[in-house]
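# Observations on the three-dimensional arrangement
Spelled out, the chains give:
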Amino acid sequence: MAFDFNVDVRLTDANDPTSVQFINMTIGSAPPGADRLSGDWRGASVLIPADSGEFDWDDRPGMGTAFVFDGPSADARLVLGLLDFRAPGGGLPPRGASGAGSVTDPDDPQFLGDVTWKVT
């Protein structure tokens, strides 16, 4: 199956640049002008306390965020939020785009880790 959006995203621990994880994010169909889409992600569990699931992308004004879950987004727990996950003029981020985000651990509500991200 061909994907309209298929990127690898490098996540780096903001406090330890040697701690890195790559995740692959895909969206089957991304119609031009869409500002809310859902897709799948996968990757080894290094920084994120999961190895696959779904993500919701929201590019409405004031958002530009990807919410990454540890399973189907309707029934899963948030494990990663990617801020400013968008192209400069709006839309899905291109290769080279970068920003910051936060890792959460649903089993430990006190845990919050800062990461940087870059589409490679």
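Scope of this entry: the structure provided in the associated data block.

Parameters and conventions
- Each residue is numbered by its place in its chain's sequence as written, counting from 1.
- Only residues with pLDDT of at least 70 get local features here, since the model is predicted, and only at 80 or more are side-chain atom pairs given and counted; chain-wide, interface and lining totals rely on the full set of residues.
- The side-chain quantities take in all heavy atoms of the structure and omit both hydrogens and water.
- Numbering goes from the N terminus for both helices and strands, where a helix is a DSSP run of H or I of at least four residues and a strand is a run of E of at least two.
- Between buried and exposed lies partly exposed: a residue is buried under 20% and exposed over 50% of the maximum accessible area for its type, with that area taken using a 1.4 Å probe on protein chains only.
- Residues are treated as being in contact if the distance between any of their heavy atoms lies within 4.5 Å.
- Strand pairing is defined by DSSP finding a minimum of two bridges between the two strands.
- Only the stretch in contact is used when fitting a helix axis, every axis being a line fitted to C-alpha atoms; angles between N-to-C directions are given from 0 to 180 degrees.
- What is meant by a nonpolar core is a set of buried Ala, Val, Leu, Ile, Met, Phe, Trp, Tyr and Cys residues, joined one to another through side-chain atoms within 4.5 Å.
- Within 3.5 Å is the distance limit for a polar contact, defined as a pair of N or O atoms, with the added protein rule that one can donate a hydrogen and the other accept it, and that residues adjacent in sequence qualify only through two side-chain atoms.

## Some remarks on the side chain of Thr12
Its place among the elements puts Thr12 in strand 1 (residues 5-13). Taking relative accessible area as the criterion, Thr12 reaches 12% and is therefore assigned buried. Aside from chain neighbours lying at most four places away, what touches Thr12 is Pro17, Ser19, Val20, Leu47, Asp114, Val115 and Thr116.

## Details of the sheet that holds strand 3 (residues 36-42)
A barrel is described by the order of its strands in space; here eight strands give the closed sequence 1-2-3-4-5-6-7-8, paired in antiparallel fashion. Neighbouring strand axes in the sheet, compared pairwise and without regard to direction, differ in orientation by 30° on average. Pairing of strand 4 (residues 52-58) with strand 5 (residues 65-69), which is carried by four bridges, proceeds in the antiparallel orientation. Bridge pairing in strand 5 links Asp58 to Thr65.

## Some details on the pairing of strand 8 (residues 108-119)
Moving residue by residue along a regular strand, the side chains alternate between the two faces of the sheet. Sheet analysis places strand 1 next to strand 8, joined by five bridges and oriented antiparallel. Across the sheet, Arg10 pairs through a bridge with Lys118, a residue of strand 8. Two strands pair when backbone bridges link them, and strand 7 (residues 98-105) and strand 8 are joined in this way by eight bridges, in the antiparallel orientation. Its bridge partner lying in strand 8, Gly101 is registered against Val115. Remark: two residues form the turn of the hairpin made by strand 7 and strand 8, two consecutive strands paired antiparallel.

## Overview of the nonpolar core
Ranked by size, the top nonpolar core spans 25 residues in total, and within it Val9, Leu11, Met25, Trp41, Leu80 and Phe85 carry the most contacts. Of all the elements in the fold, those that place two or more residues in this core are strand 1, strand 2 (16-27), strand 3, strand 4, strand 5, strand 6 (78-82) and strand 8. With four residues, strand 1 is the single largest residue contributor to this core.

## Some points on the environment of Arg10
By secondary structure assignment, the location of Arg10 is in strand 1. Between the alpha carbons of Arg10 and Asp56 there is a distance of 18 Å; along the sequence they are 46 residues apart. With residues up to four places along the chain from it excluded, the contact list for Arg10 reads Val20, Gln21, Phe22, Thr116, Trp117, Lys118 and Thr120. Here the side chain of Arg10 touches Thr12 through a polar contact of 3.4 Å, side chain to side chain.

## A short note on the environment of Phe85
Note that Phe85 resides in the loop between strand 6 and strand 7. The buried category is assigned to Phe85, whose relative accessible area is 0%. Placed 34 residues apart in sequence, Phe85 and Val119 show a C-alpha to C-alpha distance of 9.4 Å. Other than its neighbours up to four places away in sequence, Phe85 contacts Phe5, Val9, Met25, Trp57, Gly64, Thr65, Ala66, Pro93, Trp117 and Val119.

Everything listed is a geometric property; what it means functionally is a separate question.
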